[in-house]
Amino acid sequence: MQRRMFITLLGGAAIAWPLAAEAQQPERMRRIGVLMALDPDDLEGQSEMSGLKQGLQELGWVEGRNLQIEYSWPGGEPNRIQAFAKALVGQQCEVIVARSTPVVAALLRETRSIPIVFGWVVDPVGSGFVQSFPHPGGNVTGFQNLEFSMVGKWIELLTKIAPAVRRVVYIYNLATVPTGFLRALDALAPTIPVQLVAAPVHSSAEIDAAVADFAREPGGGLMMMPDTFNEANQAQIIALTAKCGLPAVYPHRFNDGLISYGPDLPSLFKRAASYVDRILRGEKPGELPVQAPTRYELIINLKTAKTLGLTVPQSLVVAADEVIE
């Protein structure tokens, strides 16, 4: 009996050992890339990356355990973006997460096969990235962040918080700005009570010159265009508005910015994680519809307003999603 029991137990163990060994095998490591048109120390970019990684983790993808992430931070200069796109495509990632229109355009010059999920693009159809929102059709899909019509809302908010503004300068780099915003401003110009002043720039030095020249006359305000170049130079622009005493409106939250209205970008990147997950599990990007923001945030910085000598209307304070004091 004892010998028979021992053989039975030994046989059961022999079956269990391979199962236990199989269960202890490490998970298959998957590789994705991230290409951001920002510098690596940009706080907004790091916040967006936190949103992406949080979304991935909630779906079972943990960096270092079953996911390897290749990060690329070229800043906002177009030639560097293209060089980084080429290098990232060469790393054989299964999916690439992209931030901004120039980044997606650069990636598409390098690959039409690797799936690309954008978390920050304004006009994916007009830019030729997708065929339509419901049916993207190629290797690109993702999450739209803004609409061209929002330029009117930004000017409205700027003149509400700073009623003395009669002239509004908008800085942009023609190589990186979504041109639909420029068309929207041209159409809006005859209908608004402020003068719009275009300031095309190509370098940070030109930003200094454009703002200083504009600020020589009174009654000025600044609208920061949602332009990859501006995003990469946002600290400089915000510092200049403070130095020149210019009220400014921004497309989304920046530290020390007076007022902003736009989507919560970290939440967009967290939502983008769901598409990365679905593609890694076998779905095709061309069959995943492009999605729009679910909400916009109005953020007012009372400290900056006080520095500029502005009294924020109570109606704006009440309407704000966040008031920074």
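Residues numbered from 1 in each chain as written. Predicted model: local features only at pLDDT ≥ 70, side-chain atom pairs only at ≥ 80, totals over all residues. Heavy atoms only, no water.

Structural notes on the overall build of the protein chain
Right, so step 1: The helix and strand inventory of the protein chain stands at 12 helices and 12 strands.
Right, so step 2: Considered along the principal axes of its C-alpha atoms, the protein chain spans approximately 100 × 40 × 35 Å.
Right, so step 3: Taking all 325 residues of the protein chain together, 50% fall into the buried category.
Right, so step 4: About 15400 Å² of surface is accessible on the protein chain, with carbon and sulfur atoms providing 54% of the total.
Right, so step 5: One finds the centroid of the 28 positive side-chain charges in the protein chain at a distance of 6 Å from the centroid of its 32 negative side-chain charges. (Helix = DSSP H or I, 4+ residues; strand = E, 2+ residues; numbered from the N terminus. Buried < 20%, exposed > 50% of the residue type's maximum accessible area, 1.4 Å probe, protein only. Areas by Shrake-Rupley, 256 points an atom, 1.4 Å probe, with all protein chains shown as cover. Lys, Arg positive; Asp, Glu negative; His and termini not counted. Charge placed at Lys NZ, Arg CZ, Asp CG, Glu CD.)

Remarks on the side chain of Asn301
Right, so step 1: Its location among the elements puts Asn301 in strand E11 (residues 296–301).
Right, so step 2: The class for Asn301 is buried, based on a relative accessible area of 4%.
Right, so step 3: A distance of 3.0 Å separates a polar atom in the side chain of Asn301 from the backbone nitrogen of Thr304. (Polar contact = N/O pair within 3.5 Å; in protein donor to acceptor, adjacent residues only side chain to side chain.)

Here we look at the pattern of salt bridges
Right, so step 1: The tally for this structure, following the rule as stated, stands at 16 salt bridges.
Right, so step 2: Glu94 serves as the salt-bridge partner of Arg30, at 2.8 Å between the closest nitrogen and oxygen. Here Glu94 lies in the loop between helix H3 (78–89) and strand E3 (95–99) and Arg30 lies in strand E1 (residues 30–36), a separation of 64 residues in the sequence.
Right, so step 3: Between Glu156 and Lys160 there is a salt bridge, with its nearest N and O atoms 3.3 Å apart. Here the residue Glu156 and the residue Lys160 both occupy positions in helix H5 (residues 150–161), the gap between them amounting to four residues, near one helical turn.
Right, so step 4: The partly exposed category is assigned to Lys160, whose relative accessible area is 41%.
Right, so step 5: Through salt bridges with shared partners, a single ionic network connects Arg28, Arg30 and Glu94. (Salt bridge = Lys/Arg side-chain N within 4 Å of Asp/Glu carboxyl O.)

A closer look at the packing of H3 against helix H4 (residues 101–110)
Right, so step 1: For the pair H3 and H4, the least separation of the axes is 9 Å and the interaxial angle reads 50°. Relative to H4, the element H3 lies oblique. In this structure, H3 meets H4 at a crossing whose hand is right-handed. The segment H3 lies against H4, with Ile81, Gln82, Ala85, Lys86 and Val89 engaging Pro102, Val103, Ala106, Leu107, Arg109 and Glu110. (Axes fitted to C-alpha atoms, helices over the stretch in contact; angles between N-to-C directions. Parallel < 35°, antiparallel > 145°, perpendicular 65-115°, else oblique. Left-handed = near helix turned anticlockwise from the far one by under 90°. Contact = heavy atoms within 4.5 Å.)

Brief notes about the confidence of the model for the protein chain
Right, so step 1: Residues with a pLDDT of 70 or more make up 92% of the protein chain, whose mean pLDDT is 91.
Right, so step 2: Helix H1 (residues 2–23) is the least confidently modelled element of the protein chain, averaging 48 in pLDDT, while strand E2 (residues 67–72) averages 98, the highest of any element.
Right, so step 3: Note that residues 1–10 has pLDDT below 50 and, in this model, zero contacts with residues that lie over four places away or in other chains.
Right, so step 4: In the model, residues 19–23 has pLDDT below 50 throughout and makes zero contacts with residues more than four positions away in sequence or in other chains. (pLDDT = per-residue confidence, 0-100.)

What about the sheet that holds strand E6 (residues 167–172)?
Right, so step 1: Strand order in the open sheet formed by seven strands is E7-E6-E8-E9-E10-E11-E12, with mixed pairing between adjacent strands. Two strands close off the open sheet at either side, each with one partner strand: strand E7 (195–200) and strand E12 (322–324). Shown here is a sheet whose adjacent strand axes are inclined to one another by a mean of 20°, direction ignored.
Right, so step 2: The pairing of strand E10 (residues 259–263) with E11 spans five bridges and is classified as antiparallel. Bridging across to E11, Ser260 finds its partner in Ile299.
Right, so step 3: In the packing of helix H6 (residues 179–188) onto the sheet, the strands contacted are E6, E7 and strand E8 (220–224), and the crossing angle to E6 comes to about 160°. (Pairing = 2+ DSSP bridges.)

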